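Chain by chain, the residues run as shown.
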Amino acid sequence: MLKQDKGMSLIEIIIATSLMCVLVIVLSVLLHAVLSSWSSSGDREDIAITLDRGVEETKRDLREAKEIGFINSNEIRFSQDLSTYYIYYFYNSNDIYPPSFSQNNYQFKKAQLTGGLNSPFTYGDGRIILAGLFPNPDSTLTVTGNIITIDLKIFQGDEALRAFTKVRPRNL
């Protein structure tokens, strides 16, 4: 009688190794897709938080305004106490005032005006509220009657988000 060996043949080992390699590659691709999606959603959430914070600050200021001045879709001037005046405007260091929106991204700034509602200001002065905004017409500020429309689109890397809101000043 012949004795039977109970080991694996070379062909069985090659097939098992090949299947394991295919399985590892498929799992790696899936894991990479999940991690990329997770990272992207984190980046998107960071952008959303930044955008919401900037829009909420702007809404709060404009809601309390007692006087509003609108020059164009690049800026809104206002006062909450009729003695201190501010401007929200779009800025890019490679542009001049008023901006031609020929650049790829802009900052949204708030600056104090010296004098009244229509007084001049130094383009570039003020605090940055948001950075990485798309230029006009993707990001605009408009006034229609008693309603101020804030439409901002921000981008970072491959992610872009838009915030659109309307504000009715309470004290006009």
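Relevant structure appears above.
Keep in mind that this is a model prediction, so the values were computed, not measured.

Quick notes on the rules
- Residues numbered from 1 in each chain as written.
- Predicted model: local features only at pLDDT ≥ 70, side-chain atom pairs only at ≥ 80, totals over all residues.
- Heavy atoms only, no water.
- Phe/Tyr/Trp six-rings, centres within 6.5 Å; stacked < 30°, edge-to-face > 60°.
- Lys NZ or Arg CZ within 6 Å of the ring centre and 35° of its normal.
- Helix = DSSP H or I, 4+ residues; strand = E, 2+ residues; numbered from the N terminus.
- Expected span 1.5 Å × (residues − 1).
- Buried < 20%, exposed > 50% of the residue type's maximum accessible area, 1.4 Å probe, protein only.
- Contact = heavy atoms within 4.5 Å.
- Salt bridge = Lys/Arg side-chain N within 4 Å of Asp/Glu carboxyl O.
- Pairing = 2+ DSSP bridges.
- Patch = residues over 30% accessible without salt bridge, like charges linked within 9 Å, V, L, I, M, F, W, Y side chains within 5 Å.
- Areas by Shrake-Rupley, 256 points an atom, 1.4 Å probe, with all protein chains shown as cover.
- Lys, Arg positive; Asp, Glu negative; His and termini not counted.
- Charge placed at Lys NZ, Arg CZ, Asp CG, Glu CD.

> When you look at the packing of aromatic side chains in this model, what are you seeing that I'm missing?
Aromatic ring pairs: the centre-centre distance and the angle between the two ring planes describe each pair. All told, the structure shown has 12 aromatic pairs when counted by the stated rule. Each residue in the set F78, Y86, Y88, F90, F101, Y106 and F108 is aromatic and connected to the rest through ring pairs, giving one cluster. Geometry around Y91 places K109 over its ring, the cationic atom sitting 4.5 Å from the centre.

> Any chance you could explain helix α1 (residues 10-63) here in plain terms?
Because the α-helix completes a turn every 3.6 residues, residues three or four places apart line up on one side. Between its first and last C-alpha, α1 extends 78 Å over 54 residues, near the 80 Å set by a 1.5 Å rise per residue. Of the positions making up α1, those classed as buried are I47, A48, L51, G54, V55, E57, T58, K59, D61 and L62.

> Explanation requested: the environment of Q80 in the structure shown.
Note on placement: Q80 falls in the loop between β2 (75-79) and β3 (85-91). Considered as a pair, Q80 and L62 are 18 residues apart in the sequence and their alpha carbons are 8.0 Å apart. Discounting residues that sit within four places of it in the chain, Q80 has contacts with R60, D61, E64, A65 and K66.

> What's the story with the pattern of salt bridges in this structure? I'm lost.
It is possible for side chains bearing opposite charge to pair when their charged atoms get close. All told, the structure shown has 6 salt bridges when counted by the stated rule. Here K59 ties to E56 by a salt bridge, and the two come within 3.1 Å at their closest N and O atoms. Separated by 3 residues within a single helix, K59 and E56 lie in helix α1, roughly one turn from each other. Taking the relative accessible area as the measure of exposure, E56 reaches 40% and is therefore partly exposed. Note that E75 and R77 form a salt bridge whose closest N and O atoms lie 2.7 Å from each other. Pair check on accessibility: E75 and R77 agree, each one buried.

> Got a minute to help me understand the side chain of D61 in this structure?
Mapped onto the elements, D61 comes out in helix α1. Setting aside residues no more than four positions away along its own chain, D61 makes contact with F78, Q80, Y88 and K110.

> I tried to follow the side chain of T149 on my own but got confused; where do I start?
Relative to the helices and strands, T149 resides in strand β7 (residues 147-156). Ignoring sequence-local partners within four residues, the contact set of T149 consists of T140, L141, T142, F164, T165 and K166.

> Could you clarify how one ought to interpret the pairing of strand β1 (residues 67-72) in this entry?
Where β1 and β2 come together, 5 bridges link them in antiparallel fashion. Across the sheet, residue I68 finds its bridge partner in β2, namely F78. Counted between consecutive antiparallel strands, the loop separating β1 from β2 contains 2 residues.

> Even after reading the chapter, I still don't get a negative patch on the surface, so can you show me in this structure?
A grouping of D43, E45, D46 and D52 is seen on the molecular surface, where their side chains present a negatively charged patch. Relative to the assigned elements, D43 resides in helix α1.

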